[in-house]
Amino acid sequence: MGKKCCIASWTAAVIAAGIIAVLVAAYGVLRHVDIAVEEASLTRFALAETTTTSSPAAAAAAVLAYNLSLTLAVRNPNWAITVKNRKKLEAACTFDGQPFDRVLLAGKGDKQGPRKTRVYHLAVSSNGAAVPALGNAGAAEFRKQNATGFFEVEVKVTGKFSYTGRLTKCDLDATCPLKLQLAPPGTKAVVFQKVKCKLAKPKKYC
Ligand SMILES: *[C@@H]1O[C@H](CO)[C@@H](O)[C@H](O)[C@H]1NC(C)=O
Ligand SMILES: *[C@@H]1O[C@H](CO)[C@@H](O)[C@H](O)[C@H]1NC(C)=O
């Protein structure tokens, strides 16, 4: 065998290995989205107790009256993989485990390209909306937190994703625990430290 042939086949092998390495780096390693609450401001968070006369026990239904604005950033850290929504992407705001508002972030079929960050500005308020009652357990928790000056509001981001080059569809289940201080009326929102959201442990192949 001539020297020339060997150099040619070695070169081909090196190029092939290079291409495989690039493909593996691009598609072989899946990184999950990063979600963070960049900004949050709570200007109203109060208990509105409405006595229901229709009930024989005349139970007081405690509902939340709230104005909350949030800036949520979703980043696709992948180098080449596009994330596609297989279900609508939504954010739910919860207090003491109970959702009090839900916001649609992106629809089914929406895509987020590699290395792209999407920023969502949300503003939710109880105005006119039928808010679920907290129940007396929730009202007790409200009073307890109200006394500390901080409210623990959790934002849950849920959806279902698929990824370029992968067959599995993966559930997204992120939790962003916020500790919010009520901004006194007429003042600018209190300082907020960015909160990174925790992703639930992915299922097999996700
Ligand atoms: C809450 O938001 C409503 C509009 O949805 C506004 O009219 C009201 O003034 C706000 N209240 C506070 C305390 O920010
Ligand atoms: C929450 O705390 C404020 C004072 O910080 C108080 O005026 C208000 O009555 C409290 N609300 C409830 C429902 O306990």
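Residues numbered from 1 in each chain as written. Chains lettered and ligands numbered in written order. Predicted model: local features only at pLDDT ≥ 70, side-chain atom pairs only at ≥ 80, totals over all residues. Heavy atoms only, no water.

Visitor: I would appreciate a short explanation of the packing of aromatic side chains in the present structure.
Guide: To describe a pair of aromatic rings, one takes the distance between the centres and the angle between the planes. A full pass over the atoms with the stated rule returns 8 aromatic pairs. Between phenylalanine 161 and tyrosine 163 the ring centres are 6.4 Å apart and the planes differ by 80 degrees, which places this aromatic pair in the edge-to-face class. Among the residues examined, phenylalanine 161 registers a relative accessible area of 3% and is labelled buried. Exposure remark for tyrosine 163: the relative accessible area of 5% places this residue in the buried category. Members of the aromatic cluster, connected to one another through ring pairs, are Phe45, Tyr66, Phe95, Phe100, Phe142 and Phe151. (Phe/Tyr/Trp six-rings, centres within 6.5 Å; stacked < 30°, edge-to-face > 60°. Buried < 20%, exposed > 50% of the residue type's maximum accessible area, 1.4 Å probe, protein only.)

Visitor: Got a minute to help me understand the site of ligand 2 in this structure?
Guide: Close to ligand 2 lie Phe142, Arg143 and Asn146, which account for all nearby residues. When ligand 2 is considered free in solution it has 360 Å² of accessible area, and contact with the protein chains removes 34% of it. (Near = heavy atom within 4 Å. Areas by Shrake-Rupley, 256 points an atom, 1.4 Å probe, with all protein chains shown as cover.)

Visitor: Is there a simple way to think about the pairing of strand S5 (residues 98–106) in this case?
Guide: A regular strand carries its side chains on alternate faces of the sheet. Here 7 bridges tie strand S4 (residues 89–95) to S5, and the two strands are oriented antiparallel to one another. Its bridge partner lying in S5, glutamate 90 is registered against leucine 104. Linking two consecutive strands that pair antiparallel, namely S4 and S5, is a turn of 2 residues; a positive phi of about 50 degrees is found at aspartate 96 within it. (Pairing = 2+ DSSP bridges. Helix = DSSP H or I, 4+ residues; strand = E, 2+ residues; numbered from the N terminus.)

Visitor: Sorry if this is basic, but what is going on with the site of ligand 1 here?
Guide: Around ligand 1, the structure places Thr43, Arg44, Asn67, Ser125 and Asn127. In this structure, an oxygen atom belonging to ligand 1 sits 3.1 Å away from a side-chain N or O atom of threonine 43. Here asparagine 67 contributes a side-chain N or O atom positioned 2.2 Å from an oxygen atom of ligand 1. Across the complex, the protein chains shield 41% of the 360 Å² of accessible surface that ligand 1 would expose by itself. In terms of residue class, the shell around ligand 1 is made up of no nonpolar, 4 polar and 1 charged. (Polar contact = N/O pair within 3.5 Å; in protein donor to acceptor, adjacent residues only side chain to side chain. Nonpolar A, V, L, I, M, F, W, Y, C, P; charged D, E, K, R; others polar.)

Visitor: It is not clear to me how the nonpolar core should be interpreted in this structure. Could you clarify?
Guide: When a protein is soluble and globular, its nonpolar side chains tend to lie buried together. With 45 residues, the main nonpolar core has Val37, Phe45, Phe100 and Val157 as its most contacted residues. Those elements that place two or more of their residues in this core are strand S1 (34–51), strand S2 (60–75), S4, S5, strand S7 (117–125), strand S8 (150–163) and strand S9 (169–181). If you tally residues by element for this core, the top one is S2, at 7 residues. Once residues lying within four places of it in the same chain are set aside, the contact partners of phenylalanine 45 are Leu64, Ala65, Tyr66, Phe95, Phe100, Phe142, Phe151, Val153 and Leu182. (Core = buried A, V, L, I, M, F, W, Y, C linked by side-chain atoms within 4.5 Å. Contact = heavy atoms within 4.5 Å.)

Visitor: When you look at a nonpolar patch on the surface in this model, what are you seeing that I'm missing?
Guide: Nonpolar side chains collect at one region of the surface, where Ile15, Ile19, Leu23 and Tyr27 lie side by side and expose about 380 Å² of accessible area between them. A residue is classified by how much of its surface remains accessible, and isoleucine 19, at 48% relative accessible area, is partly exposed. (Patch = residues over 30% accessible without salt bridge, like charges linked within 9 Å, V, L, I, M, F, W, Y side chains within 5 Å. Salt bridge = Lys/Arg side-chain N within 4 Å of Asp/Glu carboxyl O.)

Visitor: Quick question: what am I supposed to make of the pattern of salt bridges here?
Guide: Side chains that differ in charge, positive against negative, can pair when their charged atoms come close. One pass over the full model with this rule turns up 7 salt bridges. For glutamate 90, the salt bridge goes to arginine 102, with nearest N and O atoms at 2.9 Å. Highlighted residues: glutamate 90 in strand S4 and arginine 102 in strand S5, separated in sequence by 12 residues. For the salt bridge of aspartate 171 with lysine 160, the shortest nitrogen-to-oxygen distance reads 3.3 Å. Within this pair, whereas aspartate 171 is found in strand S9, its partner lysine 160 is found in strand S8, the two being separated by 11 residues in sequence. Counted as one network, the salt bridges with shared partners bring together Lys88, Glu90 and Arg102.

Visitor: Which parts of the structure should I look at to understand unusual backbone geometry?
Guide: Of all residues except glycine, most have a negative phi; of all peptide bonds, most are trans. One non-glycine residue with positive phi stands out, namely arginine 115, at about 60 degrees. Within the element layout of this structure, arginine 115 appears in the loop between strand S6 (111–112) and S7. In this structure, tyrosine 205 takes a positive phi of about 70 degrees despite not being glycine.

Visitor: Please clarify how the domain arrangement of the chain should be interpreted in this entry.
Guide: Size of an interface: often given as the accessible area lost when the parts come together. Taken as a whole, the chain is organised into domain 1 (1–30) and domain 2 (32–199). Contacts between the two partners involve 7 residues from domain 1 and, on the opposite side, 8 residues from domain 2. For the pair domain 1 and domain 2, the two sides together bury roughly 690 Å², of which 67% comes from carbon and sulfur. On inspection of domain 1 and its partner domain 2, the count reaches 0 salt bridges. (Domains from an automatic or database assignment. Buried area = accessible area lost by both parts, 1.4 Å probe.)

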